[in-house]
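Working through the structure, step by step
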Amino acid sequence: MSDQNPYEQLGVSEDASFEEIQNHRTRLLEQYNGDVKRLEVIEIAYDAILMDRLRMRQEGKIKVPERIRFPERLVQSAPQESLPRHEQSSKWFARMLDKPTTGDVVLPLVWYLGLSAIALFYRAGGDQALQLALVVGVGVSVFFLNRKENSLGRSVLWTFSGLVIGLVAGGLLVSFLPQVALLHISGNQFSTVFTFILLWVITSFFR
């Protein structure tokens, strides 16, 4: 990484906006939490970019939005206007959604595909096999959510919410979908696989 410039070290382009740089730095700090050397490289690269942007601003090469605060100039933020309730709800939901990397999507998907195959085709264990698969599925969700967001409590809350909703909704869908019987799978198998799908969505696309 020593041959890379600060922008390459932080993983942003040289024409990236200030918000993009800040968001990428925050994401990297969360991703490499505990790796002291990597965190130091990230902070050094971030500081170097800020100094470069400040130099370019002083030379008149870039125009910085007034709302961005610099050490030599503090701009008082404008009061926020209250939004309509439906807009507040949409913004709250948008904050829960994540922009996952390929690994954030593919790795949990591989796990849940394997667990779904066990739930559908390993009939020797009966309901005990389904229960064991669900336990593993819960552990997978907590692990990947916590690795991505570095918040164990939030990861557990999201996972158990998905587990309860998945099992209840899956059981209700079985009663409304007689076609499930044609697939030669039981209601418990369908509910388990439906729960895995929901846990994968939560693990990959929520924060």
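Cut-offs applied
- Residue numbers restart at each chain and count upward from 1, following the sequence in its written direction.
- Per-residue local features of the predicted model are confined to residues with pLDDT of at least 70, and side-chain atom pairs are confined, for both listing and counting, to 80 or more; whole-chain, interface and lining totals are unaffected and use all residues.
- Water and hydrogen atoms were dropped before computing side-chain values, which therefore reflect all heavy atoms in the structure.
- What counts as a salt bridge is simple: a side-chain nitrogen of Lys or Arg found within 4 Å of a carboxyl oxygen of Asp or Glu.
- Numbered from the N terminus, helices here are DSSP runs of H or I no shorter than four residues, and strands are runs of E no shorter than two.
- Buried means the residue's accessible area, taken with a 1.4 Å probe over protein chains only, is under 20% of the maximum for its type, while exposed means over 50%, and partly exposed covers the values in between.
- Any pair of Phe, Tyr and Trp rings, taking the six-membered ring for Trp, is counted once the centres come within 6.5 Å. Such a pair is stacked with planes under 30 degrees apart, edge-to-face with planes over 60 apart, and tilted for the rest.
- Counted as over-ring charges are cases with an Arg CZ or a Lys NZ within 6 Å of the ring centre that also lie within 35 degrees of the ring normal.
- Note on patches: the residues involved have over 30% relative accessible area and no salt bridge, like charges join within 9 Å, and the nonpolar side chains Val, Leu, Ile, Met, Phe, Trp and Tyr join within 5 Å.
- Using the Shrake-Rupley algorithm and a 1.4 Å probe, accessible areas are obtained, with residue cover drawn only from the displayed protein chains.
- Each residue carries a pLDDT score, the predictor's own confidence in it, on a scale running from 0 to 100.
- Two residues qualify as a contact provided that any one of their heavy atoms is within 4.5 Å of a heavy atom in the partner residue.
- Expected helix span is taken as 1.5 Å per residue step, with the number of steps being one fewer than the number of residues.
- Taking the helix axis as origin, the arc is that swept by the directions to the C-beta atoms.
- Charge convention: Lys and Arg are scored as positive, Asp and Glu as negative, and His as well as the terminal groups of each chain are ignored.
- Where a charge lies is defined by one atom per residue type, namely NZ (Lys), CZ (Arg), CG (Asp) and CD (Glu).
- Among buried residues, those of type Ala, Val, Leu, Ile, Met, Phe, Trp, Tyr and Cys that are joined through side-chain atoms within 4.5 Å constitute a nonpolar core.

1. Quick look at the pattern of salt bridges
As a working rule, side chains carrying opposite charge can pair if their charged atoms are close by. By the definition in use, this model includes three salt bridges. For Glu 43, the salt bridge is made with Arg 25, and the minimal N-O distance between the two is 3.1 Å. Separated by 18 residues along the polypeptide, Glu 43 in helix H3 (residues 36-58) and Arg 25 in helix H2 (residues 18-31) bring together distant segments of the chain. For Glu 43, a relative accessible area of 28% puts it in the partly exposed group. Close ionic contact of Arg 27 with Asp 104 constitutes a salt bridge, the shortest N to O distance being 3.1 Å. Note that Arg 27 is positioned in helix H2 and Asp 104 in helix H5 (residues 102-121), a separation of 77 residues in sequence. With a relative accessible area of 25%, Arg 27 lands in the partly exposed category. When its relative accessible area of 13% is taken as the criterion, Asp 104 is described as buried.

2. Describing the packing of aromatic side chains
Counted by the stated rule, this structure contains five aromatic pairs. Look at Trp 158 and Phe 206: their rings are 5.0 Å apart centre to centre, the planes differ by 65°, and that puts the pair in the edge-to-face class. With Trp 158 in helix H7 (residues 152-176) and Phe 206 in the segment after helix H9 (187-205), the pair connects residues that are 48 residues apart, well separated along the chain. Just as Trp 158 is buried, Phe 206 falls in that class too. If you follow Arg 25 out to its NZ or CZ, it ends over the ring of Tyr 46, 4.4 Å from the centre. Here the basic side chain of Arg 38 rests over the ring of Tyr 32, its NZ or CZ set 4.1 Å away from the ring centre.

3. Remarks on a nonpolar patch on the surface
There is a patch of nonpolar side chains on the surface, built from Val 164, Val 168, Leu 172, Leu 173, Phe 176 and Leu 177 and spanning about 560 Å² of accessible area. Looking at the element boundaries, Phe 176 is found in helix H7. By relative accessible area, which is 66% here, Phe 176 ends up exposed.

4. Focus on the confidence of the model for the protein
Predicted confidence across the protein gives a mean pLDDT of 79, with 77% of residues reaching 70 or more. Here helix H8 (residues 179-182) stands out as the element of the protein with the lowest mean pLDDT, 56, in contrast to H5, whose mean of 89 is the highest. Below a pLDDT of 50 lies the segment residues 67-72, which in the model reaches eleven contacts outside its immediate sequence neighbourhood of four places, other chains included.

5. Describing H5
With 20 residues, H5 should cover 28 Å at 1.5 Å per step; its first-to-last C-alpha distance of 28 Å lies within 8% of that length. For H5, the full list of buried residues reads Asp 104, Val 105, Pro 108, Tyr 112, Leu 115, Ser 116, Ala 119 and Leu 120. Down the axis of H5, the buried set is contained in an arc of 130°. They therefore lie on one face. Exposed and facing more than 90 degrees away from the buried side of H5 are Thr 102, Val 110, Leu 113 and Phe 121. Elements that come into contact with the buried residues of H5 comprise H2, helix H6 (126-149) and H9.

6. Focus on a negative patch on the surface
Where like charges cluster on the molecular surface, the negative patch consists of Glu 8, Glu 14, Asp 15 and Glu 20. Locating Glu 8 in the fold gives a position in helix H1 (residues 6-10). Relative accessible area serves as the criterion here: at 46%, Glu 8 is assigned to the partly exposed category.

7. Brief notes about the nonpolar core
Among the nonpolar cores identified, the biggest contains 19 residues, and Tyr 112, Leu 115, Ala 119 and Phe 196 are the most heavily contacted of them. Ranked by the residues each element gives to this core, the list is headed by H6, at seven residues. Those residues in contact with Ala 119 that lie beyond four places of it in its chain are Leu 130, Gln 189, Thr 192, Val 193 and Phe 196. Listed in part, the nine residues of the second largest apolar core include Tyr 7, Val 12, Ile 42 and Ile 49.

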